Amino acid sequence: MTEPDNHPENYEDVTVYALDDADEQEMLVAQNECTFIWANKEGWPVGVIMSYFFEDGKFWLTLSSQRARVAAVRRDPRVAVCVTSKGTTAPASRTVTYKGICTIHDDETTKAWMYPRLAEALWPGQDERQRWFVKFLDSPRRIIFSVTPTQRIGYDGQKMGQATLAWMQAAAEEE
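The rules behind these values
- Residues numbered from 1 in each chain as written.
- Predicted model: local features only at pLDDT ≥ 70, side-chain atom pairs only at ≥ 80, totals over all residues.
- Heavy atoms only, no water.
- Pairing = 2+ DSSP bridges.
- Helix = DSSP H or I, 4+ residues; strand = E, 2+ residues; numbered from the N terminus.
- Buried < 20%, exposed > 50% of the residue type's maximum accessible area, 1.4 Å probe, protein only.
- Polar contact = N/O pair within 3.5 Å; in protein donor to acceptor, adjacent residues only side chain to side chain.
- Expected span 1.5 Å × (residues − 1).
- Arc of directions from axis to C-beta.
- Contact = heavy atoms within 4.5 Å.
- Axes fitted to C-alpha atoms, helices over the stretch in contact; angles between N-to-C directions.
- Parallel < 35°, antiparallel > 145°, perpendicular 65-115°, else oblique.
- Left-handed = near helix turned anticlockwise from the far one by under 90°.
- Nonpolar A, V, L, I, M, F, W, Y, C, P; charged D, E, K, R; others polar.

(A) Expanded view of the pairing of strand β7 (residues 142–156). The pairing of strand β4 (residues 58–64) with β7 spans six bridges and is antiparallel. When the bridges of β7 are listed, Trp60 appears paired with Ser146. Here strand β6 (residues 94–105) runs beside β7; their pairing, made up of twelve bridges, is antiparallel. In the strand pairing of β7, Ile104 is matched with Phe145.

(B) Examining unusual backbone geometry more closely. The phi dihedral of Asp56 is positive, around 55°, even though this residue is not glycine. Structurally, Asp56 is set in the loop between β3 (53–55) and β4. Using a relative accessible area of 70% as the deciding quantity, one classes Asp56 as exposed.

(C) Representation of the side chain of Asp156 in the model. When you line up the elements, Asp156 lands in strand β7. Of the residues examined, Asp156 reaches a relative accessible area of 2% and is grouped as buried. Engagement of the side chain of Asp156 in a polar contact is seen with the backbone nitrogen of Gln158, the distance being 2.9 Å.

(D) Representation of helix α5 (residues 157–174) in the model. With 18 residues, α5 extends 26 Å from end C-alpha to end C-alpha; this agrees with the ideal 26 Å at 1.5 Å per step. Among the residues of α5, Gly157, Met160, Ala163 and Thr164 are the ones counted as buried. The buried side chains of α5 occupy one side of the element, clustering within an arc of 120° when seen end-on. In α5, the exposed positions that point more than 90 degrees away from the buried face belong to Gln162 and Glu173. Looking at the buried positions of α5, the neighbouring elements they touch are β7. At the N-terminal boundary of α5, the capping side chain belongs to Asp156, with an oxygen 2.9 Å from the backbone nitrogen of Gln158.

(E) Quick peek at the packing of helix α3 (residues 108–122) against helix α4 (residues 127–137). Contact geometry of α3 with α4 gives a least axis separation of 9 Å together with a crossing angle of 135°. With respect to each other, α3 and α4 are oriented oblique. Relative to α4, the crossing made by α3 is right-handed. Contacts between α3 and α4 involve Tyr115, Pro116, Leu118, Ala119, Glu120 and Leu122 from the first element and Gln130, Phe133, Val134 and Leu137 from the second. Residue composition of the contact of α3 with α4, by class: eight nonpolar, one polar and one charged.

(F) Geometry of the sheet that holds β3. On the basis of which strands lie adjacent, the open sheet formed by seven strands has the order β2-β1-β5-β6-β7-β4-β3 and antiparallel pairing. Of all the strands in the sheet, just β2 (45–51) and β3 have a single pairing partner and so form its edges. Neighbour to neighbour, the strand axes of the sheet diverge by 35° on average, direction disregarded. Packing of helix α1 (residues 21–30) onto the sheet brings it into contact with β3, β4, β5 (78–84), β6 and β7, and relative to β6 it is tilted by some 60°.

Okay, here's the thing in structure tokens:
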């Protein structure tokens, strides 16, 4: 049997369509939603969509402390974050998943800089909306997650699309 990587006309090995660093950074800035994934008490993976911004090599997210994922992260800080280019100005069909360690912050200093920064990421150029959003975030049980990536898996569907088109054209010429 022939090895998949010797046959570019199939999709057995999509690792060859890696997401370039510059494209990844563009996507992380353009997007403001991710899938945050953790393990529940039984060890099952669970995920929800959360708003975020990426700064200083970390994902920054906020939520109320009574959420089940907070207790789960306290038990086991190993999480995953998945970001896609869908719905952004970045080219479509790009995605990156990170394994990482989640730290919980509940100090006022972190909240003071994080809330306005998240508001800016979600409502760029809308100062009044940002101001109100920060007020809504400033609630008694609110905490902050920072996720420090430890491993990444990036994928660029545009590269796969271009390769597919080239294979189709070459095959058509051979017919």
